[in-house]
Amino acid sequence: MGHIEGQIYLASPYTAAASALTGENLWVNVDVLMTNDITGPGAIGVFKREFGENAKVRDREKVVVIPITTFSQLMNAANRNVDTLRDFKREQNIKYFYVTLRTSETSRLIQITKASATLLAQEGHCRPGEVLVGTDSHTCTAGAFGQFASGIGNTEVPPTIRFVLDGEIPSYILAKDLILQVIGEISVAGATYKTMEFVGTAVEGLTMEERMTLCNMVIEAGGKNGVIPADKTTYDYLKEKTTVPYEPVYSDEQARFLAEYHFDISKLEPLVAKPHSPGNRALARECKDVKIDRVYIGSCTGGKTEDFMAAAKVFLASGKKVKVPTFLVPATQKVWMDLYTIPVPESGGKTCSQIFEDAGCDTPASPSCGACMGGPRDTHARLNEPQVCVSTTNRNFPGRMGHKEGQIYLASPYTAAASALTGHVTDPREFLQ
Ligand SMILES: CC(C)[C@H](C(=O)O)[C@@H](O)C(=O)O
């Protein structure tokens, strides 16, 4: 990362050059480069090896460094990765380094981390028409802004598959259901190395956070990136986030698509992805006999403010208590604060945290990527036993959240909350009308 002239970066016909043909190699200016504490130290090593110990990043304002893992008492190596990032930040005078410190119960200083894909949007680094590369496969989340955003490493213009999602979105359906529907349709390899473009009236009606959920999981279909054309919803969101000028780009009349899929979203039912693949789609109601041990609401996919608001809505509507431990891991510090400050609509002024407490959920944890990726054994809410978990995260491969015999059902925050209330995989229509 850093020295962009050393490599050929991806561009899409969407963002880089209207005349580009799929399969062509292009040189493009990268607008934002992001790295984290899992893959960053390796990338920094390559940077130094290839460009020399004293090499400088080309533009200190374009590099964004985001530690994402929770502090571990058990694995010092994991904590040291953040030190490597901090050294690099100091040495290169990097402008954007998102870590805050707090004192733990044992009086040690620990780092407050966050899910990088969510933080990028929150801090205004996702802008239409720009190119973002990151050392995190879920960098693709930023496609929600009409940005070409991809995990780094490939060199050609990918062909585009277009997904037309039309129809009124039912009140019990969330963007997570939409992307599970798409991946279930095309499989986890269905968009390998392709751009996935989402259009249609259902997409136009989504909030920015919901658009982020849709683009976030294109990587689970093998996609190189996902993209949603920027519109008024995008511009309104960006008004408060950035003063950097941007120029949106759109597929034009000449754009050619490898394939086009159409879905009538008004008929969609709440979905899950059963173990052990995000493509293992099933109707939530078909899994009602699956007994579960816990629920996890968190990650860049399902740990945003609106995800928690959605879960709170289900708890509020039911007036019941959860039957299984229900863990809450906000994606960022701002999300964590929102849980304690923003009133949930039609709740008489209650915040999410109050509703979660009334429902008997676990207290919201410090923000991070948390147990979405398993992590060291002391990671909050990690599956340390072969348990069954309904989760708002993105991957349910064996061992993904810790124990290799754990079973993960990927679901929307509505379905996750409904399942917490019954102790079984549950269609949220049981509580929402
Ligand atoms: C944190 C990052 C290195 C990782 C990835 O790139 O796959 C993440 O996005 C994931 O979900 O596993």
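Model, not experiment: these values are computed from the prediction.

Colleague: Would you mind showing me how to read the packing of aromatic side chains here?
Modeller: Any two aromatic rings considered together are summarised by their centre-to-centre distance and by the angle between their planes. In total, this model carries 10 aromatic pairs according to the counting rule given. Ring-pair connections join several aromatic residues into one group, and the members of that group are Phe-47, Phe-51 and Phe-88. Here the basic side chain of Arg-429 rests over the ring of Tyr-172, its NZ or CZ set 4.9 Å away from the ring centre.

Colleague: What's the story with the environment of Ser-150 in this structure? I'm lost.
Modeller: Its place among the elements puts Ser-150 in strand E7 (residues 148-151). For Ser-150, a relative accessible area of 1% puts it in the buried group. For Ser-150 and Ser-137, which are 13 residues apart along the polypeptide, the C-alpha to C-alpha distance reads 7.0 Å.

Colleague: How should I be thinking about the site of the ligand in this particular structure?
Modeller: Near the ligand the following residues occur: Asn-36, Ile-38, Thr-39, Ile-68, Asp-136, Ser-137, His-138, Met-373, Asn-394, Arg-395 and Arg-400. Ser-137 is positioned such that a nitrogen or oxygen atom in its side chain is 2.7 Å from an oxygen atom of the ligand. The contact in question runs from an oxygen atom of the ligand to an N or O atom on the side chain of Arg-400, over 2.7 Å. In the complex, 84% of the free accessible area of the ligand, which totals 320 Å², lies under the protein chains.

Colleague: Could you clarify how one ought to interpret the sheet that holds strand E15 (residues 326-329) in this entry?
Modeller: Whether parallel or antiparallel, the strands of a sheet pair through hydrogen bonds between backbone atoms. Sheet architecture is open: six strands sit in the order E13-E12-E17-E16-E14-E15, paired in mixed fashion. Sheet topology places strand E13 (281-283) and E15 at the edges, where each strand pairs with a single neighbour. Between one strand axis and the next, the sheet turns by 25 degrees as a mean value, whatever way the strands run. In this structure, strand E16 (residues 388-391) lies alongside strand E17 (residues 407-411), joined through four bridges in parallel fashion. Paired with Cys-389 across the two strands is Ile-408, which belongs to E17. Together, strand E12 (271-273), strand E14 (294-298), E15, E16 and E17 form the strand contacts of helix H12 (residues 413-422), whose direction differs from that of E14 by roughly 150 degrees.

Colleague: How do you make sense of the nonpolar core when you look at a structure like this?
Modeller: Nonpolar side chains in soluble globular proteins generally cluster together in the buried interior. Ranked by size, the top nonpolar core spans 64 residues in total, and within it Phe-163, Leu-165, Val-182, Met-196, Phe-198 and Leu-214 carry the most contacts. Per-element accounting of this core gives the leading share, six residues, to helix H4 (residues 175-186). Grouped together as the second largest cluster of nonpolar side chains are 39 residues, Ile-292, Phe-315, Val-344 and Val-388 included.

Colleague: Whenever I open this one, the sheet that holds strand E11 (residues 259-264) confuses me. Can you help?
Modeller: In space, the four strands of this open sheet follow the order E10-E9-E8-E11, with parallel pairing throughout. Each edge of the sheet is formed by a strand with only one pairing partner; in this case those strands are strand E10 (225-227) and E11. In this sheet, adjacent strand axes meet at a mean angle of 20 degrees when their direction is disregarded. Across five bridges, strand E8 (residues 160-166) lies against strand E9 (residues 195-199) in parallel orientation. Residue pairing across strands places Phe-163 opposite Phe-198, the latter belonging to E9. Its contacts with the sheet put H4 on E8, E9 and E11, and the angle it makes with E11 is roughly 130 degrees.

Colleague: Explain the packing of helix H6 (residues 208-216) against helix H9 (residues 305-318) here, please?
Modeller: Relative placement of two packed helices is described by the angle separating their axes and the distance separating the axes. The geometry of H6 relative to H9 is characterised by a closest axis approach of 9 Å and an angle of 100 degrees between their N-to-C directions. It follows that H6 is roughly perpendicular to H9 by the angle criterion. Contact with H6, carried on its side by Glu-209, Glu-210 and Thr-213, involves Thr-305, Glu-306 and Asp-307 of H9 and no other residues of that element. Along the lines of polarity and charge, the residues of the contact of H6 with H9 split into no nonpolar, two polar and four charged.

Thresholds, definitions, all that
Every chain begins its residue count from 1, and numbering advances along the sequence as written. The predicted origin of the model limits local features to residues at a pLDDT of at least 70 and limits the giving and counting of side-chain atom pairs to 80 or more, whereas totals for whole chains, interfaces and linings rest on all residues. Side-chain metrics in this entry use all non-hydrogen atoms of the structure; hydrogen atoms and water are not considered. Only Phe, Tyr and Trp rings are paired, with Trp represented by its six-membered ring, and only when their centres lie within 6.5 Å; those with planes under 30 degrees apart are stacked, over 60 edge-to-face, the remainder tilted. Charge over a ring is defined by NZ of Lys or CZ of Arg lying within 6 Å of the ring centre and within 35 degrees of the ring normal. By definition, any uninterrupted DSSP run of H or I lasting at least four residues is a helix, any uninterrupted run of E lasting at least two residues is a strand, and each is numbered from the N terminus. With a 1.4 Å probe rolled over the protein chains alone, any residue whose accessible area is under 20% of its type maximum counts as buried; one over 50% counts as exposed, and the rest are partly exposed. In this text, near means that some heavy atom of the residue lies within 4 Å of the molecule or strand in question. Pairs of N or O atoms within 3.5 Å make up the polar contacts considered here, provided that, within protein, one atom can donate a hydrogen while the other can accept it, and that residues adjacent in sequence are counted only when both atoms are side-chain atoms. Surface accessibility in these figures is a Shrake-Rupley result with a 1.4 Å probe; residues are shielded only by whichever protein chains are displayed. Strand pairing is defined by DSSP finding a minimum of two bridges between the two strands. For helices, the fitted axis covers only the stretch in contact; all axes are lines through C-alpha atoms, and the angles between them, taken along N-to-C directions, range from 0 to 180 degrees. By the convention used here, residues are in contact when the closest approach between their heavy atoms is within 4.5 Å. Residue types Ala, Val, Leu, Ile, Met, Phe, Trp, Tyr and Cys, when buried and joined through side-chain atoms within 4.5 Å, form a set referred to as a nonpolar core. Here the word oblique covers every angle except those under 35 degrees (roughly parallel), over 145 (roughly antiparallel) and from 65 to 115 (roughly perpendicular). In this count, Pro and Cys sit with the nonpolar residues alongside Ala, Val, Leu, Ile, Met, Phe, Trp and Tyr, while Asp, Glu, Lys and Arg are called charged and the others, Gly among them, polar.

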